[in-house]
Amino acid sequence: MPPLSNRIGLFTESVIRKMTRIASAYNAVNLSQGFPDFDPPQQLLLALKKASTCGPHQYAVTWGAPNFREALARKQSRFMGLDIDPETQICVTCGSTEAMMTAMMTVCNPGDKVIVFSPFYENYGADAILSGALPIYVPLSPPDFSFDVEELTRAFQQRPKALILCNPSNPTGKVFTENELKLIADLADRYDTFVITDEVYEHIVYSPNKHVYFASLPGMFERTISCSSLSKTYSITGWRLGYLIAPAKIIDGARKVHDFLTVGAPAPLQEAAVTALNFPDRYYERLQELYTGKRDFFIKGLDEAGLEYTKPQGAYYVMVDISEFECPSDTVFCEWLARVVGVAAVPGSSFFKEDVGHLIRLHFAKKQETLADALERLSHLRSLAEKGIN
Ligand code: GLN
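Peer 1: Whenever I open this one, the overall build of the protein chain confuses me. Can you help?
Peer 2: Per the secondary structure count, the protein chain includes 13 helices and 13 strands. For 390 residues, the compact-globule estimate of 2.2 N^0.38 gives 21 Å, and the C-alpha radius of gyration of the protein chain, at 21 Å, lies within 12% of that figure. Considered along the principal axes of its C-alpha atoms, the protein chain spans approximately 60 × 55 × 55 Å. By the burial criterion, 56% of the 390 residues in the protein chain qualify as buried. Of the contacts formed within the protein chain by residues at least 6 apart in sequence, a portion of 76% connects residues at least 24 apart. When the accessible area of the protein chain is evaluated, it comes to approximately 16700 Å², of which 53% is carbon and sulfur surface.

Peer 1: What's the story with the layout of surface pockets in this structure? I'm lost.
Peer 2: The probe, sized like a water molecule, is rolled over the atoms to show the empty space still left. Its volume calculated, the largest pocket comes out at about 530 Å³. Taken together, 23 residues form the lining of the largest pocket, with F11, T12, E122, G125 and A126 sitting closest to its centre. Where the lining of the largest pocket is concerned, the elements lending two or more residues are α1 (15–26), α4 (95–107), α5 (123–131) and β4 (134–139). No other element matches α5, which puts seven residues into the lining of the largest pocket. Its residues assigned to classes, the lining of the largest pocket shows twelve nonpolar, six polar and five charged.

Peer 1: Looking at this structure, how should I read the site of the ligand?
Peer 2: Contacts to the ligand come from I16, R17, Q33, G34, Y121, N170, Y201, K232, Y317 and R361. The contact in question runs from an oxygen atom of the ligand to an N or O atom on the side chain of R17, over 2.9 Å. One nitrogen or oxygen atom from the side chain of Y317 is found 3.3 Å from an oxygen atom belonging to the ligand. Out of a free accessible area of 300 Å², the ligand has 87% covered by protein chains.

Peer 1: Please clarify how the sheet that holds strand β8 (residues 242–245) should be interpreted in this entry.
Peer 2: In sheet architecture, strand pairing relies on hydrogen bonds along the backbone and comes in two forms, parallel and antiparallel. In space, the seven strands of this open sheet follow the order β2-β8-β7-β6-β5-β3-β4, with mixed pairing throughout. Looking at which strands have only one partner, the edges of the open sheet turn out to be β2 (90–93) and β4. Strand-to-strand twist across the sheet, computed as the mean angle between neighbouring axes with direction ignored, equals 20°. The pairing of β2 with β8 spans four bridges and is classified as antiparallel.

Peer 1: Would you explain the packing of aromatic side chains in this entry?
Peer 2: What characterises a pair of aromatic rings is the spacing of the ring centres plus the angle enclosed by the ring planes. A full pass over the atoms with the stated rule returns 21 aromatic pairs. Ring geometry for F38 against Y291: centres 6.4 Å apart, planes inclined by 55°, an arrangement best described as tilted. Here F38, found in the loop between β1 (29–30) and α2 (42–54), pairs with Y291, found in helix α10 (residues 281–304); they are 253 residues apart in sequence, far enough to count as distant. You can call Y291 buried: its relative accessible area is 1%. Ring-pair connections join several aromatic residues into one group, and the members of that group are F38, Y201, Y291, Y316 and Y317. Sitting over the face of the ring of F176, K174 holds its NZ or CZ atom 5.0 Å from the ring centroid.

Peer 1: Just checking my understanding: could you explain the nonpolar core for this structure?
Peer 2: Across soluble globular proteins, you tend to see nonpolar side chains buried next to one another. F68, Y234, F298, L337, L362 and L378 are the most contacted members of the largest nonpolar core, which has 80 residues in total. Setting aside its immediate chain neighbours within four residues, L362 contacts L31, F298, L302, Y316, Y317, V318, V320, V343, A344, A345 and L378.

Peer 1: Help me understand empty space enclosed by the protein in this model?
Peer 2: Applying the stated criterion across every chain yields a total of two cavities of 30 Å³ or more. Estimated volume of the largest cavity: approximately 80 Å³. Around the largest cavity, the lining is made up of 13 residues, and of these F117, P119, F120, Y124 and C166 lie nearest the centre. Secondary structure elements with two or more residues in the lining of the largest cavity: β3 (113–118) and β5 (162–166). If one sorts the elements of the lining of the largest cavity by residue count, β5 sits on top with three residues. Taken as a whole, the second largest cavity spans an internal volume of roughly 40 Å³.

Peer 1: Could you clarify how one ought to interpret unusual backbone geometry in this entry?
Peer 2: In most cases, non-glycine residues show a negative phi, while peptide bonds are predominantly trans. The omega angle of the peptide bond from P142 to P143 is 5°, so this bond is cis rather than trans. With respect to the element layout, P143 can be found in the loop between β4 and α6 (149–157). Cis geometry marks the peptide bond from S207 to P208, where omega comes out at 5°. Along the chain, P208 falls in the loop between β6 (194–198) and β7 (224–229). The phi torsion at D192 lies on the positive side, around 50°, for a residue other than glycine. Positionally, D192 belongs in the loop between α7 (178–190) and β6.

Peer 1: Explain the sheet that holds strand β9 (residues 308–309) here, please?
Peer 2: One open sheet accounts for four strands, arranged β9-β10-β13-β12; its pairing is antiparallel. The open sheet has two edge strands with one neighbour each: β9 and β12 (346–347). As judged from the two bridges shared by β9 and strand β10 (residues 317–321), these two strands associate in the antiparallel manner. Each bridged residue has a counterpart across the sheet, and for E308 the counterpart in β10 is D321. Along the sheet, helix α11 (residues 330–341) contacts β12 and β13 (359–363); its crossing angle with β13, the most-contacted strand, is approximately 40°.

Peer 1: What should I look at first to understand α6 in this one?
Peer 2: In an α-helix, one turn spans 3.6 residues, which is why side chains three or four residues apart end up on the same side. Buried within α6 are the following residues: L152, T153, A155 and F156. Each buried residue of α6 lies within a common arc of 155° when the element is viewed along its axis, so the set occupies one face. The inward-facing, buried residues of α6 abut β3, β4, β5 and α7. Once α6 finishes, R159 follows within two positions and takes phi at roughly 60°, a positive value.

Peer 1: Honestly, the pairing of β4 in this entry has me stumped. Any pointers?
Peer 2: Put simply, side chains in a regular strand alternate between the two faces of the sheet. For β3 and β4, the ladder comprises six bridges, and the chain directions are parallel. From the neighbouring strand, F117 faces β4, where its bridge partner is V138. One crossover worth recording links β3 to the parallel β4 by way of α5, and it is right-handed.

The rules behind each value
Residues numbered from 1 in each chain as written. Predicted model: local features only at pLDDT ≥ 70, side-chain atom pairs only at ≥ 80, totals over all residues. Heavy atoms only, no water. Helix = DSSP H or I, 4+ residues; strand = E, 2+ residues; numbered from the N terminus. Rg over C-alpha atoms; globule rule 2.2 N^0.38 Å. Buried < 20%, exposed > 50% of the residue type's maximum accessible area, 1.4 Å probe, protein only. Contact = heavy atoms within 4.5 Å. Areas by Shrake-Rupley, 256 points an atom, 1.4 Å probe, with all protein chains shown as cover. 1 Å grid on protein atoms, 1.4 Å probe; cavity = no way out; pocket = protein on both sides within 12 Å on 5 of 7 lines; lining within 4 Å. Points joined across faces, edges and corners; volume = space filled by probe spheres on them. Nonpolar A, V, L, I, M, F, W, Y, C, P; charged D, E, K, R; others polar. Near = heavy atom within 4 Å. Polar contact = N/O pair within 3.5 Å; in protein donor to acceptor, adjacent residues only side chain to side chain. Pairing = 2+ DSSP bridges. Axes fitted to C-alpha atoms, helices over the stretch in contact; angles between N-to-C directions. Phe/Tyr/Trp six-rings, centres within 6.5 Å; stacked < 30°, edge-to-face > 60°. Lys NZ or Arg CZ within 6 Å of the ring centre and 35° of its normal. Core = buried A, V, L, I, M, F, W, Y, C linked by side-chain atoms within 4.5 Å. Arc of directions from axis to C-beta. Right-handed = clockwise from strand over helix to strand, strands pointing away.

What is shown is where atoms sit, not what they do.
Laid out in structure tokens, this is it:
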């Protein structure tokens, strides 16, 4: 057989998805790959049922069905404080995973540099490789995951084409403050850099923290490609509905990339999802309350188990510090945790560029009983660890 491409040798399979397979092999409570185990809103399921009988079942417009784009533009304009044009400023994609890849391929030439905060959601590394971009990593330092302005400035001095901003952040649970975002905006402006955002947790933010859309900062819409999805907001990670919002000229380019990558997101699912995009503000308030309850319940359990962690400000992940345990690596720890304790987590090292091996990521987008089960198992962690972790 002739050799396969060089690029596939440059990255490994997703550790997050691998941990899901390990979770099922050991029958562990899967708190690794972040997705809910509860149903989407009933109204949305009814709309899906209707779409199954009434259609559409053929291709939608490649960059998104008109009614989906119109509903999305209304909703995002309301939350982002912008006036988004559904005709020219939106491209609907197969999840934000495709949105991010499309954004990278739209703005980057091979060899262009891209700033990535570390720790980072693992897709960005592969996105950079697949688009030929070279990441410049800027650390977000635990436990509070803040960045050093000098270090960020030095990264911008290398003249990157874009900066990737995951806010609220996966895996850290950090919500960037308006001040931090303004610092980034000033640098992006000074060095004429695109900002590609991943804002899939835009509606999962814990008071008093607030989500500020980067594109809504003065002068930033012109250089921002806002990527997000319906996955987390409506508990439909399997529907694969995502999008990019940006000025028309960027979207024009993105639509071409998207068309040849996937043609389009599923038409019946776009049709059904219009119902969700039309939900009133109360839906988002309830979502916030739901996740605040889950976060508080989960971290209380971590406290009771005597574990150290960084309190999440947003998203549904928590980074737990395992440095007190004697163990060869976070990967060994996570395998042991799934096999012996019965809870699956993601080794923190898969998110860091730096050599950080003392953190693991757990998520709490689960039913109360699932979280209670996981916490009960975690309450035995310490005594089980005394027998040795291997
Ligand atoms: N965003 C989720 C996570 O970080 C799921 C990722 C995925 O598998 N697409 O766990």
